[in-house]
Amino acid sequence: MFERVLIANRGEIALRVIRACRELNIKPVCVFSEADRGAHYLSLADQSFCIGPAAASDSYLQIKNIISAAEIGKAEAVHPGYGFLSENSHFAEVCRDCNIKFIGPTPEAMQKLGDKVSAKEVAHKAKVPLVPGSDGLLTEEAVAVRVAKKIGYPVLIKATAGGGGKGMRVAKDEAELKAGLKQAAQEAEKAFKNGGVYLEKYIDRPRHIEVQVIGDTHGNVYHLWERDCSLQRRHQKLVEEAPGPTLPPDVRKKICESAVRLVKEAGYSNAGTVEFLVDRDNNFYFIEVNARIQVEHPVTEMITGLDLVKSQIRVAAGEVLGFEQDQIPCRGSAIEVRINAEDPANNFRPSPGKITKLRLPGGPGVRFDSHVHEGYTISPNYDSMIGKLIVYRATREEAFATMRRALDEFVLEGIKTTIPLLKAIFRDEAFAKGEVDTTYIERELLPKWTPTA
Ligand code: ADP
């Protein structure tokens, strides 16, 4: 096992990895930007190094600074967390060249799956169903028009390098398609330095179902069941649960097996997520792979009893996953909500600033993963997540009751948060019945929501 692991991240996920390291008797080494200097979670690391100014492009994305920190801190491995460099195959390659283990898949597997268009080719080879769309990238407008006619409007223009719900555009007809193609390519070039775009059929009111997988470096790959992340706003997840409440058992089996087939085809190891859309007839379609740990991994940890971050470190160190597929349990019901520093009553305007009062919920079935504390200041430089509230109960109904009372116990003052909206979500009848899709929040819930209620 490693003696020291460098954590190339910040905030909630940095703390999550510190905790996993401590339990494995590993010394965690942290990096921080000037904006994060003095953050409490850093004091839980053995050492921490400043890697640059607040802007992520000058610090958390600076490969050479991070590698220097790993070398000075004598770390044998790097955990990238999520976001930042976590899906950057070049970073994984640099780590390998410097003889530092990257806690994630190989750069080759990342390359195959990181780009959405090439991931679709892998899926096709693995006989996993795809959303009907263009074969590869689109470079000519005339081809795009032909493809759209064939699959039928509305279509979705997507960026091959897209992420975080960015770089997507719906086109209802040919005129919108023509205008959208140019804009989407320009936006993608600006945001991801890759202007490649492709077309997909726009699936009407789908559910978002994703399958957690984990593989070791000895060829064993297993799925850890699915998560339903259908409650989103602007393609960004707000609530995630495991298991999915609506999948018929045969569909569930097929979707989980498809995920394993797909990542095996890419020679994948470590933790990853295969994302699908499921239509109203329970047909499922692959959309993308996230080749890293995800924000919503705790719900899978709760239902399987497996610590995913510790498993990531173990398999990176060369350990064999010591179980078989049929030994992985799926027990109870776990739900996570993202508490963000945003004002849901004001178009989700970011609300950075100081947390002047914080009283956390607790008691049976409650887990809160976060680096914040009373007096902590949410920086405007990074994403707005304050923390993740996770509940785990024997049944979904009980999990809802626990979530409702945990949200009611939650006191956070000084900044605006998504808590008032989350409270409304857990009083919503359609959601309780599982009758939601990826457009439900924006289509049904937000228009009838009164912030003061
Ligand atoms: P990102 O990498 O930006 O998160 P994804 O491809 O994972 O993009 O898609 C994010 C979300 O966008 C999905 O969960 C879904 O809500 C929506 N979406 C993506 N593709 C389609 C599609 N073909 N039809 C309808 N909605 C889609």
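What counts and what doesn't
Residues numbered from 1 in each chain as written. Predicted model: local features only at pLDDT ≥ 70, side-chain atom pairs only at ≥ 80, totals over all residues. Heavy atoms only, no water. Helix = DSSP H or I, 4+ residues; strand = E, 2+ residues; numbered from the N terminus. Rg over C-alpha atoms; globule rule 2.2 N^0.38 Å. Buried < 20%, exposed > 50% of the residue type's maximum accessible area, 1.4 Å probe, protein only. Contact = heavy atoms within 4.5 Å. Areas by Shrake-Rupley, 256 points an atom, 1.4 Å probe, with all protein chains shown as cover. Lys, Arg positive; Asp, Glu negative; His and termini not counted. Charge placed at Lys NZ, Arg CZ, Asp CG, Glu CD. Near = heavy atom within 4 Å. Polar contact = N/O pair within 3.5 Å; in protein donor to acceptor, adjacent residues only side chain to side chain. Domains from an automatic or database assignment. Salt bridge = Lys/Arg side-chain N within 4 Å of Asp/Glu carboxyl O. Pairing = 2+ DSSP bridges. Axes fitted to C-alpha atoms, helices over the stretch in contact; angles between N-to-C directions. Parallel < 35°, antiparallel > 145°, perpendicular 65-115°, else oblique. Nonpolar A, V, L, I, M, F, W, Y, C, P; charged D, E, K, R; others polar.

> So, the overall build of the protein: which residues are in play, and what are the values?
If you tally the helices and strands in the protein, you get 14 helices and 22 strands. Compactness check: the protein gives a C-alpha radius of gyration of 21 Å against a globular reference of 22 Å for 453 residues, within 12% of the reference. On the principal axes, the C-alpha backbone points of the protein span a range of 60 × 55 × 45 Å. When the 453 residues of the protein are sorted by exposure, 57% land in the buried category. By sequence separation, contacts in the protein at least 24 residues apart represent 67% of the contacts at least 6 residues apart. As presented, the protein carries roughly 19100 Å² of accessible surface, and 48% of it is formed by carbon and sulfur atoms. Where the 61 positive side-chain charges of the protein centre and where its 61 negative ones centre are 2 Å apart.

> So what about unusual backbone geometry? Which residues, and what values?
Trans is the common state for peptide bonds, and a negative phi is the common state for residues other than glycine. Residue Pro154 follows Tyr153 across a cis peptide bond; omega there is -5°. A cis geometry characterises the amide bond from Ala242 onward to Pro243, with omega recorded as -5°. Here Phe84, not a glycine, exhibits a phi torsion of approximately 40°, which is positive. We note that Arg234 has phi near 50°; this positive angle belongs to a residue other than glycine.

> Which residues make up the site of the ligand, and what are the values?
In the vicinity of the ligand there are 22 residues, among which Lys116, Gly165, His208, Gln232 and Glu288 approach most closely. Between an oxygen atom of the ligand and a side-chain N or O atom of His208, the distance comes to 2.7 Å. One of the side-chain nitrogen or oxygen atoms of Glu275 is found 2.9 Å away from an oxygen atom of the ligand. Breaking the shell around the ligand down by element, the ones donating at least two residues are strand S6 (155–159), strand S8 (197–201), strand S12 (270–278) and strand S13 (284–290). Looking at which domains feed residues into the shell around the ligand, each of domain 2 (132–201) and domain 3 (207–448) supplies at least three.

> Describe the pattern of salt bridges, listing the residues and the values that go with them.
For the coordinates displayed, the defined rule picks out 35 salt bridges. Close ionic contact of Arg16 with Asp307 constitutes a salt bridge, the shortest N to O distance being 2.9 Å. Of this pair, Arg16 sits in helix H1 (residues 11–23) while Asp307 is found in the loop between helix H9 (297–304) and helix H10 (308–316), placing the two residues 291 residues apart along the sequence. With relative accessibility at 7%, the residue Arg16 sits in the buried group.

> Any details on the side chain of His79? Residues and values, ideally.
Its location among the elements puts His79 in strand S4 (residues 77–79). With residues near it in sequence (within four places) discarded, His79 still touches Val5, Leu6, Ile7, Ala8, Val17, Ile103, Ile293, Val309, Gln312 and Ile313.

> Outline the sheet that holds strand S7 (residues 168–171), listing residues and values.
Strand pairs in the sheet, formed through backbone hydrogen bonds, run parallel or antiparallel to each other. The sheet built from three strands is open, its strands ordered S7-S6-S8 with antiparallel pairing. The sheet is open, and its two edges are formed by S7 and S8, each paired on a single side. Ignoring strand direction, the axes of neighbouring strands in this sheet form an average angle of 25°. In this structure, S6 lies alongside S7, joined through four bridges in antiparallel fashion. Of the residues in S7, the one forming a bridge with Lys158 is Met168.

> Mind laying out the packing of helix H3 (residues 89–97) against helix H4 (residues 107–114), listing which residues take part and the relevant values?
One way to put it is that H3 packs onto H4 with a least axis distance of 9 Å and a crossing angle of 175°. Considering the angle they form, H3 stands roughly antiparallel to H4. Contacts between H3 and H4 involve Ser89, Ala92, Glu93 and Arg96 from the first element and Pro107, Glu108, Met110 and Gln111 from the second. Residue composition of the contact of H3 with H4, grouped by class: three nonpolar, two polar and three charged.

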